[in-house]
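The chain contents come next:
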Amino acid sequence: MHPAKSYAAIADPQTVATFRALVAAIVPNTPALAVYGAEQTAGAVDLHVDEYMIWELDHTLALMFGIELTIFPLSAPTAMLLNSGAVQFLASGQAQYAPNSSLWGTSPFAALAAADRIRVLAMLEQLNFDLGAVPPPYRDDGGFVVFIIDYLNRGTMFGFYSEWSAYGTTRLNTPTRRRLEYFPIGWRQVGYPGVSLGYRALRGFMLTIVREGGESIIV
């Protein structure tokens, strides 16, 4: 991937490590798929989707403060939510794999095995944890927790299969200053041919039209 000013240089290490672990669990790198083409092995971390998630959470979601909508950076509190969930998940005895102790001090969520990270997401989405022990703005707000967990899943997939990876060195600019530098890898993976004014697509049933003597009959 093309280098760009990395979030690792501007965001706190806990947030970066947590989001990298999040997207890696949802869309992992899969070397076994190389038999279908080199591009099929790429995972979300390879396409910098962790940076996409941090950028989106810090710039596009708005919260109500009083009577006004305000852009509120959410990446750091969301990382803390995931880490608080990981701590509660491990304490409850639900972990199926031992955590990586070398990562625990930076990010408990990243220290868990990928399968256990998915279980933490399910636990949070089902609200099977102490809501009072997570940071604001999620504390004691189960509806917002459910919303953000759904967003984390959808956002990761959207970032992976969007044009994000092709912005290359411009990906961390504001949207109007981003430029496509090559064809998106996610599009290659699924065989999407690229932007067009329109594509023919089957939206119903195949019909056969017989035209004879100036008339048309559907058979």
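Student: Would you take a moment to explain the overall build of the protein for this structure?
Tutor: Along the backbone of the protein there are eight helices and four strands. What you see in the protein, going N to C, is helices and strands ordered as α-α-β-β-α-α-α-α-α-α-β-β. The C-alpha atoms of the protein give 22 Å as radius of gyration, which overshoots the globular expectation for 219 residues (17 Å, by more than 25%). Projected onto the principal axes, the alpha-carbon positions of the protein cover approximately 80 × 45 × 35 Å. Here the protein, with 219 residues, has 40% of them falling under the buried criterion. Intrachain contacts of the protein at a sequence separation of at least 6 include 57% that bridge at least 24 residues. As displayed, the protein has an accessible area near 12300 Å², and 58% of this comes from carbon and sulfur atoms.

Student: Got a minute to help me understand the pattern of salt bridges in this structure?
Tutor: Pairing is possible between side chains that carry opposite charge, provided their charged atoms lie close to one another. Enumeration according to the criterion identifies four salt bridges in this entry. With a shortest N-O distance of 2.8 Å, Asp116 and Arg119 are connected by a salt bridge. You can see Asp116 and its partner Arg119 sitting in helix H6 (residues 114-125), three residues apart, about one turn around the helix.

Student: Help me out: how do you make sense of the nonpolar core in this one?
Tutor: One broad rule of soluble globular proteins: the nonpolar side chains tend to lie buried together. Counting residues in each nonpolar core, the largest one holds 43 residues, and the members touching the most others are Leu124 and Leu152. Mapped by element, the contributors of at least two residues to this core are helix H1 (13-26), helix H2 (49-59), helix H3 (75-91), helix H5 (108-111), H6 and helix H7 (142-161). In terms of residue count, the dominant contributor to this core is H7 (seven residues). In this structure Leu152 touches Phe19, Leu22, Ile26, Met53, Leu57, Thr78 and Leu82, once residues within four positions along its chain are discounted.

Student: Would you explain a nonpolar patch on the surface in this entry?
Tutor: Side chains of Met157, Tyr161, Val190, Tyr192, Val195 and Tyr199 sit close together on the surface and give an oily, nonpolar patch of about 590 Å² of accessible area. Secondary-structure assignment places Met157 in helix H7.

Student: Before we go on, may I ask you to explain H6 in this structure?
Tutor: Since the α-helix packs 3.6 residues into each turn, any two residues three or four apart lie on the same face. When the terminal C-alpha atoms of H6 are compared, their 17 Å separation across 12 residues agrees well with the 16 Å that a helix rising 1.5 Å per residue should span. Turning to H6, its buried residues number three or more, namely Asp116, Arg117, Val120, Leu121, Met123 and Leu124. One side of H6 holds all its buried residues, which, seen down the axis, span an arc of 160 degrees. Considering only its buried residues, H6 is in contact with H1, H3, H5 and H7. Note on H6: the residue one or two positions beyond its end, Leu127, has a positive phi of about 60 degrees.

The rules we used
Residues numbered from 1 in each chain as written. Predicted model: local features only at pLDDT ≥ 70, side-chain atom pairs only at ≥ 80, totals over all residues. Heavy atoms only, no water. Helix = DSSP H or I, 4+ residues; strand = E, 2+ residues; numbered from the N terminus. Rg over C-alpha atoms; globule rule 2.2 N^0.38 Å. Buried < 20%, exposed > 50% of the residue type's maximum accessible area, 1.4 Å probe, protein only. Contact = heavy atoms within 4.5 Å. Areas by Shrake-Rupley, 256 points an atom, 1.4 Å probe, with all protein chains shown as cover. Salt bridge = Lys/Arg side-chain N within 4 Å of Asp/Glu carboxyl O. Core = buried A, V, L, I, M, F, W, Y, C linked by side-chain atoms within 4.5 Å. Patch = residues over 30% accessible without salt bridge, like charges linked within 9 Å, V, L, I, M, F, W, Y side chains within 5 Å. Expected span 1.5 Å × (residues − 1). Arc of directions from axis to C-beta.

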